[in-house]
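Given next are the chains, with one letter for each unit.
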Amino acid sequence: MKVTVIGTGYVGLVAGACLAETGNDVICSDIDEEKIARLNRGEIPIYEPGLEPMVERNLASSRLRFTTDIPESVRASDIIFIAVGTPPDEDGSADLQHVLAVAKTIGQAMGSEKIVITKSTVPVGTAKKVRDAIQAETDQPVHVCSNPEFLKEGAAVDDFMKPDRVVLGVDSEYAGKMLTELYSPFVRTGNAIHIMDIAAAEITKYAANSMLATRISFMNAIAQLCEAAGADVDMVRRGIGSDSRIGSAFLFPGVGYGGSCFPKDVKALVRTMKELGADSSILEAVEAVNERQKRLLLDRVVHRFGEDLSGRRFAVWGLAFKPNTDDMREAPSLVTIPALLERGAAVIGHDPVAMEEARRHFGDRIGFVDNNYDALVGADALVIHTEWLPYRRPDFQRIKEALSNPVIFDGRNLYRPEKMEELGFEYYSVGRMTVNPHEGS
Ligand SMILES: NC(=O)c1ccc[n+]([C@@H]2O[C@H](COP(=O)([O-])OP(=O)(O)OC[C@H]3O[C@@H](n4cnc5c(N)ncnc54)[C@H](O)[C@@H]3O)[C@@H](O)[C@H]2O)c1
């Protein structure tokens, strides 16, 4: 099939590469000239395991190409995905300007019947706006569908190649048949393709992300209770996660959810619910808990070392919002680090892949080291934001020798409190006992 994907970010690039991998002729188009020039040189602008060889392979076999000529990319294909960003507007609603600009371009460029699919996360009712924007420019027949994307950054290629399910909101039997065919290589093991009405598909995406965010905030609230009651949240997590009605995923307490999706999607769903007169209070609570949780490490540091942190130095392990990605959008580190700097502290950061991205945020206001142990030298404490694998079983002796105080603020519960006690660390985690607390903490 001839497929165009407009918007070559995390979602569009992965979708384009995976669709080319299964034999389709794919054009990825984008307005970002620098990004397209890099992609044409074989450079991948994002960190995503497995993506680079897949793009190289498909570029070499000419099944995949990149262009900034969006009208040409529309004319060349029968199936067109819209995968541009939908950032939050000032009031929290999804900003549809990029989606609708693309819809207009599609309408102006198309010279024959097309299937247009919104893969961007868009509020219920957007497909109609997309259809109107296209039909304002053309008399050609158009099928507008919704195919929300559920991939996880850091495992995006795997998720696209082996999705738990594919959700297709379609407006005609023809569109449903074409898209089922397009997705059939990805669901050979029997995972479901759910064909539904367009509004249900649009809502499914927000409901899924909001449910996952709710589980995280719920566990963060339980973690706060555990701290107050002297219980261990890890035990509670295992105790409830083994219930098959609940399941064990997304029950880890921590420093709050971040990234490009959960924060904006929860906000946008609250906005939509309000607009349509539905009760959004549950999601407003989810957001409020998350805002508090993102300040947790900072509050702990301030409680331990005082408001004035001048002359203090902190090692930060983990800058990305989660492991296996360089994405720092809405990362909890973006809350802690600026607040430490404002209070006069020096910060030395490490992340296995997000340091280039972090430099764009912090410039030379913080120091960066290639080796995570180098961040510790002379630091008053280690602050952990991201559960990267290399941080999970570190050389504790080396940490202790390098730090000027053996203090660790662990936002991801990477280590066992009993072990930290044995090793002589002052250790703060989430929803578990504090080990060797400083007098007055
Ligand atoms: N990142 C994720 O994990 C993820 C997962 C599922 C769904 N989504 C959703 O998918 C959509 C895209 O997310 P992303 O993370 O890939 O965004 P991104 O910011 O990484 O990429 C968006 C791309 O769209 C391009 N673009 C913007 N306006 C354009 C236009 N008028 N014409 C052509 N290209 C244009 C930008 O240059 C950019 O390359 C969003 O709606 C997001 O909510 C994201």
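All of these numbers come straight from a predicted model, not from anything done at the bench.

Asks: Go over the site of the ligand with me, naming the residues and quoting the values.
Replies: Near the ligand there are 27 residues, and of these D30, K35, T86, E153 and K264 occur at the shortest range. The contact in question runs from an oxygen atom of the ligand to an N or O atom on the backbone of Y10, over 3.0 Å. In this structure, K35 approaches the ligand through a side-chain N or O atom, which is 2.6 Å from an oxygen atom. Contact with the protein chains hides 88% of the accessible area of the ligand, taken as 830 Å² for the molecule alone. Secondary structure elements with two or more residues in the shell around the ligand: α1 (10-21) and α5 (97-109). Per-class residue counts for the shell around the ligand are ten nonpolar, nine polar and eight charged.

Asks: Hey, could you go over the sheet that holds strand β12 (residues 381-384) for me, with residue numbers and the actual values?
Replies: Strand order in the open sheet formed by six strands is β11-β10-β9-β12-β13-β14, with parallel pairing between adjacent strands. The sheet is open, and its two edges are formed by β11 (367-368) and β14 (426-428), each paired on a single side. Along the sheet face, helix α13 (residues 296-305) touches β9 (313-317), β12, β13 (407-410) and β14 and points at about 155 degrees away from the line of β13.

Asks: Which residues make up the pattern of salt bridges, and what are the values?
Replies: The full count for this structure, using the stated rule, is 27 salt bridges. Here R131 ties to D171 by a salt bridge, and the two come within 2.7 Å at their closest N and O atoms. Here D171 lies in the loop between β7 (165-169) and α8 (173-183) and R131 lies in helix α6 (residues 126-135), a separation of 40 residues in the sequence. Among the charged side chains, a network of salt bridges with common partners joins R38, R41 and E43.

Asks: Quick one: what's the story with the layout of surface pockets, residue by residue and with numbers?
Replies: Estimated volume of the second largest pocket: approximately 360 Å³. Lining the second largest pocket are 20 residues; nearest its centre among them are E227, L296, R300, S429 and T434. For the lining of the second largest pocket, the secondary structure elements donating two or more residues are α9 (198-229), α12 (281-294) and α13. No other element matches α13, which puts five residues into the lining of the second largest pocket.

Asks: How would you sum up the packing of aromatic side chains? Please name residues and give values.
Replies: Each aromatic ring pair is characterised by the separation of its centres together with the angle its planes make. Tallying each qualifying case throughout the model produces 13 aromatic pairs. The interplanar angle of 40 degrees and the centroid separation of 6.2 Å between the aromatic rings of F160 and Y183 together place this pair among those described as tilted. Separated by 23 residues along the polypeptide, F160 in helix α7 (residues 156-161) and Y183 in helix α8 bring together distant segments of the chain. With respect to burial, F160 and Y183 carry one shared label: buried. A centroid spacing of 5.9 Å and a plane angle of 85 degrees characterise the contact between W317 and Y373, whose relative ring orientation is edge-to-face. Residue W317 is located in strand β9, and its partner Y373 is located in the loop between β11 and β12; the two are separated by 56 residues in the primary sequence. Given the relative accessible area of 0%, W317 is considered buried. What links up through ring pairs into an aromatic cluster is the set F305, F314, F409 and Y428. Over the ring of F305 we find R304, and its NZ or CZ is 4.5 Å from the ring centre. Here the basic side chain of R398 rests over the ring of Y373, its NZ or CZ set 4.0 Å away from the ring centre.

Conventions adopted
Residues numbered from 1 in each chain as written. Predicted model: local features only at pLDDT ≥ 70, side-chain atom pairs only at ≥ 80, totals over all residues. Heavy atoms only, no water. Near = heavy atom within 4 Å. Polar contact = N/O pair within 3.5 Å; in protein donor to acceptor, adjacent residues only side chain to side chain. Areas by Shrake-Rupley, 256 points an atom, 1.4 Å probe, with all protein chains shown as cover. Helix = DSSP H or I, 4+ residues; strand = E, 2+ residues; numbered from the N terminus. Nonpolar A, V, L, I, M, F, W, Y, C, P; charged D, E, K, R; others polar. Pairing = 2+ DSSP bridges. Contact = heavy atoms within 4.5 Å. Axes fitted to C-alpha atoms, helices over the stretch in contact; angles between N-to-C directions. Salt bridge = Lys/Arg side-chain N within 4 Å of Asp/Glu carboxyl O. 1 Å grid on protein atoms, 1.4 Å probe; cavity = no way out; pocket = protein on both sides within 12 Å on 5 of 7 lines; lining within 4 Å. Points joined across faces, edges and corners; volume = space filled by probe spheres on them. Phe/Tyr/Trp six-rings, centres within 6.5 Å; stacked < 30°, edge-to-face > 60°. Buried < 20%, exposed > 50% of the residue type's maximum accessible area, 1.4 Å probe, protein only. Lys NZ or Arg CZ within 6 Å of the ring centre and 35° of its normal.

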